Amino acid sequence: MGIQNAPRYIWVFFLLPILVMGQNLMPPIQNYRLFEYKADSKNWGLSVSEDGELFVANNQGLLHFNGEEWTLHKLPHETTIRSVSYTGGKIFTGSYEEFGYWQKSNYGELEYTSLTHLIKNHEFTNEEFWQILPYKNGLLFRSFSTIYHYQDGKIDVIDVEIVVSKIALFQKEIVVAGGEGELYRLDNGKLTPFVDDTILEGKTIIDMVETDKGLLVGTKLDGCYMLQDGSLSSWNDAINAELKMQQLNRILLIDSGTLAFGTIKNGIYLYDVSRGLWDILNRENGLQNNTVLSMLQFNDQLWAGLDNGIDRIQLNNPITYYTEKSGTLGTVYDIARHDDLLYLGSNTGIYYFQKNQLQFVNGTQGHVWDLEVIEGDLFGGHNTGTFRLVDGKIADFFDFSGGYQITKVPNQQQTYLQGTYNGFVKFVKQESGVWTTQKMAGMDHPVEQFCFENETTVWAAHPYKGFYRIKIDQKYEQIVEFREYTTDSIPDNYNIELFNIKNQIVFRNEGHWYKYDPILDRIIGFEEFEAYTNKKLLYHDERHFWFLDRESKEMAFTDFKGKDLIIEEPQLTRRQVPEAENIIKHSDSAYYYTLGDGLAKIDLAALQFHVERLNLSTPKLGSFIAGGEKKNIDNTPINLTFQEAKKIEIKVATPEEVDPKYHYELKSNETQSGFSDHGTLNFQNLAYGEYLLAIATVGIDNQKSEPLEVAFTIAPPWYLSKMSILAYLLAIVALGYLIRVYHRQKLDRKQRELKDELVREQEDKLAILEKEKLAKEIKLKQNELTISTMNVAEKNELLLELKNMLVMGKDQFSDKRRYRAFMKKLDNSIHGEGDWKRFEYNFNELHEDFFEKLLKRYPKLTPKDLKLCAYLKMNLSTKEIAPLMAISVRGVEIHRYRLRKKLQIESSENISNFLITYK
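My aim in this report is to walk through the structure given alongside it, one point at a time. Bear in mind the structure is a predicted one, so any value in this text is a computation, not a measurement.

**Re a negative patch on the surface**
So, point 1. Together, Glu 753, Asp 756, Glu 757, Glu 761, Glu 763 and Asp 764 make up a region of like negative charge exposed at the surface.
So, point 2. Mapped onto the fold, Glu 753 is located in helix 6 (residues 722-808).

The structure is reproduced here in structure tokens:
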């Protein structure tokens, strides 16, 4: 929280209440420890950019805090950095024999450039640069022995003969402090005495600051001096004695009337010059360390570089704190103001502030539940009983164990009821001023909370067993009626909260709100508080209500008439103790809030004033990391590959704000939004397309700043890229062409197949016809061969018969010679080669190469064997073969037998079948 760029008079308005509160209530102090910023403990110098980024000169290098993250940047030789100054967008640093500047790259990283190469004709003499002072259009780098003036890309070396301890700008002139308490004017590279005065002789000047009254000169052990109108004098303000004792180290002008003094021994003194009052910030109330090495103001924030750590103090915060560091106080449960003393009731007893010091009330050791001022007296409800306190001491003790809540009986004078561990106790203040007590009969249950419905009707809550409606007699001495409400009316009996709100009995249970309806005589929902479901009611009166969200720790203030406020202050959130939260009204505008180690004070008027003028800053983009690689954040939109978009990390910060929250909207085809408590946003597996990320800072009362817009584009995956799509189109065209070619070829092939099939069918038909024709021809030839063969056989048979007849009638022939000639002619006719030649010719036409194949396989066959084979192939019978071979049937059979042997045919196989199938 904080007012940005507030006018000075507004700033003073907030600061004064802090200063007059003394040691008790301090502004919020945020500690940054070594393990957080991960560098060395000592922090020699501080500087800040115009938008609040912090740069720290640390023993290990340059520390950078962007409001969310600490980053350490080391010099090439890893030397200690002693000074730092943000000027003109560059961060200048001074180290051992080295000075230069750092500048952000397009990727958000700091890169170093040395300037020492610009120094001509000069050598370092073990110099360290402890101060950098912007001067006109250049910078002055100061070591103990030399001053270097850097301007327009050149460095002028100013040799001095004194040990320089500080340089400062006063009335537009450079004042140099050094030597034995001497002040000089730097003019054209020469030192001339600034004042002719020996008041500072022998004193070590450690700091100087220009004020509206003159130049305030701080010394190490002798306090401060004022240079005014050309003369020096001791600064006689009351704080000077403190500064001498605590060893002054740094001076910072916060505004025209307020100074901050950093000391070696006792932290920071915030001094109001006009009032002569100061506040001390040290280890006792929040600083990590009492040795202050550097200080810096940015708007309402005071940064302190310590000997051990870095702290940020929110000077004008409407919420201030008292912190008890030792742990003696414990958790505070209640607060009350009585006789100008502020009393605290904690789990260790009762305490009060006297002269800004915390004091313990002796005899009150133990848990304190309640502090109440009634009838002008202060009562403390304690674990062992109830105390009445006067001037920080116990005046009376009432030994009813466990004093919880004490409440006035309606319409009764000076009569009160108190809830205890064992029911109710009646308190009555007599006219003499003496308090009398009486235990109420009829109930022994613990009563942690109760409220009156009317004078004789009380509602009481048990910590674990629900709640009751109780009727009390007119004398408030005993209970006459007792009604218990169970889970038939509410979700759970445990931890019920009970209130009387504008004469209505209201309950809170399991985060929901209920009320008692006396007409229906039952528990119903309380619609007026429906917007505050899951919120605890911390405080209420007739007009004001404070609620707490226990999950988010946000506090809500409302009057139900349009005056609403949401508070989420980091320190307030961290220091709350569950079940011990309590708000106590101090005045119309001020409220106390109990904490685990002290208390907070909320100035409601200042808070509302602050909210009305709140001007939240737009977040700054720190880095954009995609696929583990940093992107150039100067380019917009940022172009990413689809692979890089699997993991995107975007870092933003609002350095002007303290612990800001962020709201983001990622806009694309669909919008996703949410809140983040830190400045790192992670997105995974985003789809390709164009995105616009809007990030806004969220401040008090959930106000949002103008958003930072980050545009980025995610390219499609390679398989959906333009080249791929073009390739796909070409492939589709090619595929279409191939399909067309394929179908054309298929059609052509089909046509060819059909044509070939038609041709084949034609050929087959022709072949069949040819075959049939051939078969007919063969059949005809076979018939002709058979016929001719049968004719030959008949002829031979006839001739043989005639020969036999002639042989039988031989004796009848007279001419023997003629007989022989005739017989010879018959034999020639029977065995004539002409018939066989004709047979052989016709046979070969039917059975081509039969004889050749047969002879090739069976070369021992004789011509007679071949004749018999031919006749057998024609499937002629033995009887038909005999005349053809002019032998007897018996001769044929003998010949067949011999032929079977030659052909090596088994006796079981038919020789005719063998020859018929032989090919």
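Let's pick the thread back up.
**Some thoughts on the nonpolar core**
So, point 1. Judged by nonpolar contacts, the single largest core of 28 residues is most densely connected at Phe 850, Leu 854, Tyr 871, Ile 881, Leu 899, Leu 903 and Leu 915.
So, point 2. Mapped onto this core, the elements with two or more residues apiece are helix 8 (833-846), helix 9 (850-857), helix 10 (863-873), helix 11 (878-885), helix 12 (889-903) and helix 13 (911-916).
So, point 3. For this core, the leading source of residues is helix 10, giving six residues.
So, point 4. Apart from the residues lying within four places of it in its own chain, the contact partners of Tyr 871 are Thr 789, Trp 836, Phe 839, Leu 876, Ile 881, Leu 884 and Met 885.

**Observations regarding the sheet that holds strand 24 (residues 268-272)**
So, point 1. In space, the four strands of this open sheet follow the order 22-23-24-25, with antiparallel pairing throughout. Whereas interior strands pair on both sides, the edge strands pair on one side only; in this sheet they are strand 22 (248-255) and strand 25 (277-281). Adjacent strand axes in the sheet meet at a mean angle of 20°, parallel and antiparallel pairs treated alike.
So, point 2. With five bridges connecting them, strand 24 and strand 25 associate as antiparallel partners. Directly across from Tyr 269, in strand 25, lies its bridge partner Ile 280.

**Here we look at helix 11**
So, point 1. For helix 11, a buried count of six out of eight residues is recorded, marking the element as mostly surrounded by other parts of the structure.
So, point 2. Looking at helix 11, one finds that the buried residues are Thr 878, Ile 881, Ala 882, Pro 883, Leu 884 and Met 885.
So, point 3. Backbone geometry just downstream of helix 11 places Ala 886 in the positive-phi region, at approximately 60°.

**Digging into the sheet that holds strand 64 (residues 689-698)**
Sheet strands line up and pair through hydrogen bonds in the backbone, either parallel or antiparallel.
So, point 1. Read across the open sheet, the five strands follow the order 59-65-64-61-62; overall the sheet is mixed. Looking at strand neighbours, the two that pair on one side only are strand 59 (638-640) and strand 62 (671-676), the edges of this open sheet. Taking the axes of each pair of neighbouring strands and ignoring which way they run, one obtains an average angle of 20° across the sheet.
So, point 2. With six bridges connecting them, strand 61 (residues 661-667) and strand 62 associate as antiparallel partners. Bridging from a neighbouring strand, Tyr 662 pairs with Ser 676 of strand 62.

**Digging into the side chain of Asp 272**
So, point 1. In this structure, Asp 272 sits in strand 24.
So, point 2. Within polar-contact distance, the side chain of Asp 272 engages the side chain of Ser 274 at 3.0 Å.

**Observations concerning helix 10**
So, point 1. Counting buried residues along helix 10, eight of its eleven residues qualify, which places the element largely inside the surrounding structure.
So, point 2. When helix 10 is considered as a whole, its buried residues turn out to be Asp 865, Leu 866, Leu 868, Cys 869, Ala 870, Tyr 871, Leu 872 and Lys 873.
So, point 3. Positive backbone phi, at 65°, marks Asn 875, one or two positions downstream of helix 10.

**Details of the packing of helix 10 against helix 12**
So, point 1. As a packed pair, helix 10 and helix 12 sit with axes 10 Å apart at the nearest point and diverge in direction by 100°. For the element pair helix 10 / helix 12, the angle class is roughly perpendicular. Contact with helix 10, carried on its side by Lys 864, Asp 865, Leu 868, Cys 869 and Leu 872, involves Val 892, His 895, Arg 896, Leu 899 and Lys 902 of helix 12 and no other residues of that element.
So, point 2. Split into classes, the residues belonging to the contact of helix 10 with helix 12 amount to five nonpolar, one polar and four charged.

**Describing the environment of Ala 238**
So, point 1. Secondary-structure assignment places Ala 238 in the loop between strand 21 (231-234) and helix 3 (239-246).
So, point 2. Given a relative accessible area of 51%, Ala 238 falls into the exposed group.
So, point 3. Measuring from C-alpha to C-alpha, the distance between Ala 238 and Val 273 comes to 9.7 Å, with 35 residues separating the pair along the chain.
So, point 4. Non-local contacts of Ala 238, meaning those with residues more than four positions away in its chain, are made with Tyr 271 and Trp 278.

Rules and cut-offs
- Residues numbered from 1 in each chain as written.
- Predicted model: local features only at pLDDT ≥ 70, side-chain atom pairs only at ≥ 80, totals over all residues.
- Heavy atoms only, no water.
- Patch = residues over 30% accessible without salt bridge, like charges linked within 9 Å, V, L, I, M, F, W, Y side chains within 5 Å.
- Areas by Shrake-Rupley, 256 points an atom, 1.4 Å probe, with all protein chains shown as cover.
- Salt bridge = Lys/Arg side-chain N within 4 Å of Asp/Glu carboxyl O.
- Lys, Arg positive; Asp, Glu negative; His and termini not counted.
- Charge placed at Lys NZ, Arg CZ, Asp CG, Glu CD.
- Helix = DSSP H or I, 4+ residues; strand = E, 2+ residues; numbered from the N terminus.
- Core = buried A, V, L, I, M, F, W, Y, C linked by side-chain atoms within 4.5 Å.
- Buried < 20%, exposed > 50% of the residue type's maximum accessible area, 1.4 Å probe, protein only.
- Contact = heavy atoms within 4.5 Å.
- Pairing = 2+ DSSP bridges.
- Axes fitted to C-alpha atoms, helices over the stretch in contact; angles between N-to-C directions.
- Polar contact = N/O pair within 3.5 Å; in protein donor to acceptor, adjacent residues only side chain to side chain.
- Parallel < 35°, antiparallel > 145°, perpendicular 65-115°, else oblique.
- Nonpolar A, V, L, I, M, F, W, Y, C, P; charged D, E, K, R; others polar.

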